[in-house]
Protein chains: 2
Amino acid sequence: MRKGVLEYCILSILSRREAYPSSIIDMLKQANMLVVEGTVYPLLIRQKNQGLLTYRWEESPQGPPRKYYMLTDKGRAQLAEMDVAWKEIIETINMLKNG
Amino acid sequence: MRKGVLEYCILSILSRREAYPSSIIDMLKQANMLVVEGTVYPLLIRQKNQGLLTYRWEESPQGPPRKYYMLTDKGRAQLAEMDVAWKEIIETINMLKNG
DNA sequence: TTTTAGTACCTTGTTGTGCAAAGTATAAAA
DNA sequence: TTTTATACTTTGCACAACAAGGTACTAAAA
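Calculation rules
- Residues numbered from 1 in each chain as written.
- Chains lettered and ligands numbered in written order.
- Predicted model: local features only at pLDDT ≥ 70, side-chain atom pairs only at ≥ 80, totals over all residues.
- Heavy atoms only, no water.
- Contact = heavy atoms within 4.5 Å.
- Buried area = accessible area lost by both parts, 1.4 Å probe.
- Salt bridge = Lys/Arg side-chain N within 4 Å of Asp/Glu carboxyl O.
- Polar contact = N/O pair within 3.5 Å; in protein donor to acceptor, adjacent residues only side chain to side chain.
- Helix = DSSP H or I, 4+ residues; strand = E, 2+ residues; numbered from the N terminus.
- Nonpolar A, V, L, I, M, F, W, Y, C, P; charged D, E, K, R; others polar.
- Near = heavy atom within 4 Å.
- Axes fitted to C-alpha atoms, helices over the stretch in contact; angles between N-to-C directions.
- Parallel < 35°, antiparallel > 145°, perpendicular 65-115°, else oblique.
- Least-squares fit on C-alpha atoms with pLDDT ≥ 70 in both.
- 1 Å grid on protein atoms, 1.4 Å probe; cavity = no way out; pocket = protein on both sides within 12 Å on 5 of 7 lines; lining within 4 Å.
- Points joined across faces, edges and corners; volume = space filled by probe spheres on them.
- Buried < 20%, exposed > 50% of the residue type's maximum accessible area, 1.4 Å probe, protein only.
- Left-handed = near helix turned anticlockwise from the far one by under 90°.

Hey, could you run me through the interface of chain B and chain A in this one?
Accessible area lost upon the coming together of the parts is a frequently used measure of interface size. In this assembly, 27 residues from chain B lie in contact with 27 residues from chain A. With both chains or domains summed, chain B and chain A bury close to 2500 Å², and 76% of this area falls on carbon and sulfur atoms. Together, B:M1, B:L96 and B:K97 form the three largest contributors to the area buried by chain B at its contact with chain A, with a combined 32%. Our enumeration of links across chain B and chain A arrives at 2 salt bridges. Our count for the contact surface shared by chain B and chain A stands at 8 residue pairs in polar contact (both at pLDDT 80 or more). Looking at the side of chain B that touches chain A, the elements with two or more residues in it are α1 (6-16), α2 (21-30) and α4 (73-98) of chain B. No other element matches the 13 residues that α4(B) contributes to the side of chain B that touches chain A. Per-class residue counts for the side of chain B that touches chain A are 18 nonpolar, 5 polar and 4 charged.

What should I look at first to understand the protein's contact with DNA strand C in this one?
Lining the immediate surroundings of DNA strand C are 18 residues, of which A:Y41, A:R66, A:K67, B:K3 and B:T39 lie closest. Close to the protein, within 4 Å, the atoms of DNA strand C are drawn from sugar and phosphate at a rate of 69%. Between a base nitrogen of DNA strand C and a side-chain N or O atom of A:E37, the distance comes to 3.0 Å. Here A:K67 contributes a side-chain N or O atom positioned 2.6 Å from a phosphate oxygen of DNA strand C.

Looking at this structure, how should I read the packing of helix α1 (residues 6-16) of chain A against α4(B)?
When two helices pack together, their arrangement is given by the angle between the helix axes and by the axis-to-axis distance. The geometry of α1(A) relative to α4(B) is characterised by a closest axis approach of 7 Å and an angle of 25° between their N-to-C directions. Judged on the interaxial angle alone, α4(B) and α1(A) are roughly parallel. The residues of α4(B) that touch α1(A), namely those facing A:Y8, A:C9, A:S12, A:I13 and A:R16, are B:I93, B:L96, B:K97 and B:N98. For the contact of α1(A) with α4(B), a count of residues per class yields 5 nonpolar, 2 polar and 2 charged.

I keep staring at the relation of the copies chain B and chain A and nothing clicks. Help me out?
What relates the two chain copies is a rotation about an axis together with a slide along it. Mapping chain B onto chain A calls for a screw motion: a turn of 180° about the axis and a shift of 0.0 Å along it, with 0.1 Å RMSD after fitting. Between the two chains, the operation in question is that of a two-fold axis. Considering only C-alpha atoms, the residue of chain B closest to the rotation axis is B:G4, which sits at 2.4 Å. The share of interface residues of chain B whose copies in chain A are also at the interface is 100%, consistent with both copies meeting through the same surface.

Would you mind going over the layout of surface pockets with me for this structure?
Leftover empty space is mapped by rolling, across the atoms, a probe with the size of a water molecule. Residue and element names in this part refer to chain A. Considered as a void within the structure, the largest pocket measures approximately 420 Å³ in volume. A per-element tally of the lining of the largest pocket places helix α4 (residues 73-98) first, with 7 residues. Its residues assigned to classes, the lining of the largest pocket shows 11 nonpolar, 5 polar and 4 charged.

In this structure, what is going on with the side chain of A:T92? I would like to understand it.
The residue A:T92 is located in helix α4 in this model. Taking the relative accessible area as the measure of exposure, A:T92 reaches 6% and is therefore buried.

How should the packing of α1(B) against α2(B) be read in this particular structure?
Residues and elements named next belong to chain B. In contact at an axis separation of 11 Å, α1 and α2 are set at 110° when each is read in the N-to-C sense. Considering their axes alone, α1 and α2 lie roughly perpendicular with respect to each other. α2 is crossed by α1, and the crossing has right-handed handedness. Judged by residue contacts, L6, C9, I10, I13 and L14 of α1 engage I24, M27 and L28 from α2. Its residues assigned to classes, the contact of α1 with α2 comprises 8 nonpolar, no polar and no charged.

Spelled out as structure tokens, the structure:
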């Protein structure tokens, strides 16, 4: 069931602060939202191509440079829509369960 | 985002009472969970093949006979697991949004 | 100076889900 | 007997998630 909400999770994470893919994966793992690189990298690229995200390179203290992603205005608008949609889904489930 | 929770929705509907596919689709539509036949029929067959559902034929007052689906014990157990998983997903989203 | 270890980003091929569209079948009304 | 309404089913496509493997940069160890 977690599958469908991944896009929402990533926008939510980036709404708090910019982050690079490896750290996003770590955050999702810590939140019990297990995912793998092969899922997250293409998803970030898709969201960037939709104009929801943008990024900048930054040198790392150790290792190769990091690609810091952040929300665009369009991404913030999309997140606001998804906040509404998410509440509706929760309502819907409650309705189906309780009548 | 609705996509991933369809299986859960159907088990939830059938936990209240048995139902035939056309009426399940109507219930989902009324709950703003828009779906189409080409999604629901294969899903019901999948859940039946997994042993989560069973069905019986019943004559309709008008039109062709209806295929009434109902939960098996295994289906009820699966639903209980999904109830837990669903709560966890809601918690996870909250955590990602608020830290 | 070459190799290894650690970190980070990316791609390819497979699988399964959701959907549009078309198809089959029953029953009753026109 | 054709149409209308209801109901179940199948086919082919598109795309998302994943496993697995690949590329590349940096620093420390050999």
